[in-house]
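# A closer look at the structure
The chain contents come next:
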Amino acid sequence: MAVNQAVRDYLLTRRSVGPAFLRDPGPDADELATMLTIATRVPDHGKLAPWRLIVIAGEDRQAAGEALAAIAARNNPALDEQGLGIERGRFLPMPLTVAVISSPKPSEKAPEIEQLLSAGNVAFNLVHAAHALGYAASWVTRWFSFDPAASSALGALPGERFVGLVHIGTPALIPEDRPRPDLDSVVSRWRGPSIAGHGQG
Ligand SMILES: Cc1cc2nc3c(=O)[nH]c(=O)nc-3n(C[C@H](O)[C@H](O)[C@H](O)COP(=O)(O)O)c2cc1C
């Protein structure tokens, strides 16, 4: 197979763009459909599709933020106006957010960890899809992915959980790269059985 230079160069340089820097314009309906199609084209042991995606866009962004603010105020009655404002604006200014939910299915073949990993792949493939269509993205979890009431308000059903929210938009800036792990510190060559991971390298 020939080298795909564009894909290689993209993978070597991809960076998340923070939510505050994702602006209009966002993807149109056709572009969004393409992104979601790419996102759901992931390894999936047993073909279970153990995930769901919920799109938060347009006026729903404000309503979703209000729902989070109400839950945050219940969780922390001392939360001030500034804190509430942060919650109300959780889905702004980015034009689009896709919540990625792990929705495990009964399976003798694929343990739940594999199904969760498949959902993680959906989230990251969505990041790639956004870039492929000329946008930028950021995968976050924040408190609301772990708060049962907030997860439920955003659409998670019993037994489901958020693997994250992928914010998508046009980047207002191109961020500098961040330090990347030194390969030698994370990659080693297998040199025979070891005890508890020692003896490799
Ligand atoms: C599961 C998961 C959850 C994350 N949640 C957050 C978050 O809540 N807030 C945040 O600032 N970054 C979060 N990140 C990190 C960003 O997605 C991103 O990886 C990082 O800001 C920049 O790294 P990159 O440029 O290599 O993508 C999360 C990453 C993962 C994988």
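Above: the structure in question.
Residues numbered from 1 in each chain as written. Predicted model: local features only at pLDDT ≥ 70, side-chain atom pairs only at ≥ 80, totals over all residues. Heavy atoms only, no water.

### Things to note about the site of the ligand
Arg14, Arg15, Ser16, Trp139, Val140, Thr141, Arg142, Arg178 and Arg180 make up every residue found near the ligand. Ser16 places a polar side-chain atom, nitrogen or oxygen, 2.4 Å from an oxygen atom of the ligand. Bound to the protein, the ligand loses 61% of the 630 Å² it would expose on its own. Residue composition of the shell around the ligand, grouped by class: two nonpolar, two polar and five charged. (Near = heavy atom within 4 Å. Polar contact = N/O pair within 3.5 Å; in protein donor to acceptor, adjacent residues only side chain to side chain. Areas by Shrake-Rupley, 256 points an atom, 1.4 Å probe, with all protein chains shown as cover. Nonpolar A, V, L, I, M, F, W, Y, C, P; charged D, E, K, R; others polar.)

### So, helix 5 (residues 112-132)
Across its 21 residues, helix 5 extends 30 Å between first and last C-alpha, which sits within 8% of the 30 Å expected from 1.5 Å per residue. The set of residues buried in helix 5 consists of Gln115, Ser118, Ala119, Gly120, Val122, Ala123, Asn125, Leu126, Val127, His128, Ala129 and Ala130. On its buried face, helix 5 sits against helix 1 (5-13), helix 2 (29-39), strand 2 (51-57), strand 3 (96-102), strand 4 (136-140) and strand 5 (161-171). Two residues or fewer after helix 5 comes Gly134, characterised by a positive phi angle close to 95°. (Helix = DSSP H or I, 4+ residues; strand = E, 2+ residues; numbered from the N terminus. Expected span 1.5 Å × (residues − 1). Buried < 20%, exposed > 50% of the residue type's maximum accessible area, 1.4 Å probe, protein only. Contact = heavy atoms within 4.5 Å.)

### Points about the packing of helix 3 (residues 60-75) against helix 4 (residues 81-88)
Packed helix pairs are characterised by how far apart their axes lie and by the angle those axes make with each other. Taken N-terminus to C-terminus, the directions of helix 3 and helix 4 make an angle of 140°; their axes are 7 Å apart at the nearest point. As the angle between them shows, helix 3 and helix 4 are arranged oblique. Here Gln62, Gly65, Glu66, Leu68, Ala69, Ala72 and Ala73 of helix 3 come into contact with helix 4, specifically with Leu84, Glu87 and Arg88. Each residue belonging to the contact of helix 3 with helix 4 can be placed in one class, and the counts come to five nonpolar, two polar and three charged. (Axes fitted to C-alpha atoms, helices over the stretch in contact; angles between N-to-C directions. Parallel < 35°, antiparallel > 145°, perpendicular 65-115°, else oblique.)

Function cannot be read off these values alone, since they describe shape.
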